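Take a look at the letters that make up each chain.
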Amino acid sequence: AQSVAQPEDQVNVAEGNPLTVKCTYSVSGNPYLFWYVQYPNRGLQFLLKYITGDNLVKGSYGFEAEFNKSQTSFHLKKPSALVSDSALYFCAVRTFTGAGSYQLTFGKGTKLSVIP
Amino acid sequence: GAVVSQHPSWVICKSGTSVKIECRSLDFQATTMFWYRQFPKQSLMLMATSNEGSKATYEQGVEKDKFLINHASLTLSTLTVTSAHPEDSSFYICSARDMGLAGVADTQYFGPGTRLTVL
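Summarised in this report is the structure supplied together with it. (Residues numbered from 1 in each chain as written. Chains lettered and ligands numbered in written order. Predicted model: local features only at pLDDT ≥ 70, side-chain atom pairs only at ≥ 80, totals over all residues. Heavy atoms only, no water.)

Each partner contributes residues to the interface: chain A has 20 residues there, and chain B has 25 residues. For chain A, the biggest contributors to the area lost against chain B are Leu44, Tyr102 and Gln103 of chain A; these three give 29% of the whole. For the pair chain A and chain B, the interface holds 0 salt bridges. On inspection of chain A and its partner chain B, the count reaches 5 residue pairs in polar contact (both at pLDDT 80 or more). Secondary-structure elements contributing two or more residues to the side of chain A that touches chain B are strand S5 (33-38), strand S6 (44-50), strand S10 (87-98) and strand S11 (101-106) of chain A. Among the elements that line the side of chain A that touches chain B, the one with the most residues is S11 of chain A, at 4 residues. Classifying every residue of the side of chain A that touches chain B by side-chain character gives 11 nonpolar, 5 polar and 4 charged. (Contact = heavy atoms within 4.5 Å. Buried area = accessible area lost by both parts, 1.4 Å probe. Salt bridge = Lys/Arg side-chain N within 4 Å of Asp/Glu carboxyl O. Polar contact = N/O pair within 3.5 Å; in protein donor to acceptor, adjacent residues only side chain to side chain. Helix = DSSP H or I, 4+ residues; strand = E, 2+ residues; numbered from the N terminus. Nonpolar A, V, L, I, M, F, W, Y, C, P; charged D, E, K, R; others polar.)

Written as structure tokens, this is what we have:
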């Protein structure tokens, strides 16, 4: 079964420092991977995705993610964290359900707190 | 980027009543929409997948007669919680798929969510 794991429930980082939110995947075949961010009482906002091509994917709000096939990882990164980046981050993988249909399977989420 | 709206953003209702939640894709057509439920501090749980013009596909354990889904057009899907009970209180989030390039690079965009409280 296709799945993603986010090993950290919470990540704390000081404002201005680089941040990393970890995600590992388990899929058969080529993975389609996504990162979303959720602010309190809001829906999810799309940040970036990896389908194919360059391993370093650049997304919204200065975020980027590196696809690493050998380590089966897709960690989310940002060079300099902002307090406004504090939110819940979800990694997701596209899961094919048959007959040409697919859906997203989410990790449990990682709460990022950026400390002023 | 693509925008998905949801209405209402929050609703409080009495036990036994029905509540309808609308999900619209504002600047793209979505043949497929999804309905999720999220409990506090937890991930999203897929409830059902709806395809325009056909019946929704429900995930295991989700009562189709209780959570009625209609996807009448390429920009609108509705979720009706029938005979709501306090245990149905939750945060409901819809998502619409923007097909993008030949269905390969498509992305799911999410609505802002609806907070349902059943008294």
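Here the narrative resumes.
Our next topic: unusual backbone geometry. The omega torsion of the bond from His7 of chain B to Pro8 of chain B falls at 0°, within 30 degrees of zero and hence cis. Here Pro8 of chain B shows up in the loop between strand S1 (4-7) and strand S2 (10-13). Non-glycine residue Tyr61 of chain A carries a positive phi angle of around 60°. Its place among the elements puts Tyr61 of chain A in the loop between strand S7 (56-58) and strand S8 (64-68). Here the phi dihedral of Thr72 of chain A falls at roughly 45°; this positive angle occurs in a residue that is not glycine. With respect to the helices, strands and loops of the structure, Thr72 of chain A is situated in the loop between S8 and strand S9 (73-78). Assessed through its relative accessible area of 31%, Thr72 of chain A is described here as partly exposed. (Buried < 20%, exposed > 50% of the residue type's maximum accessible area, 1.4 Å probe, protein only.)

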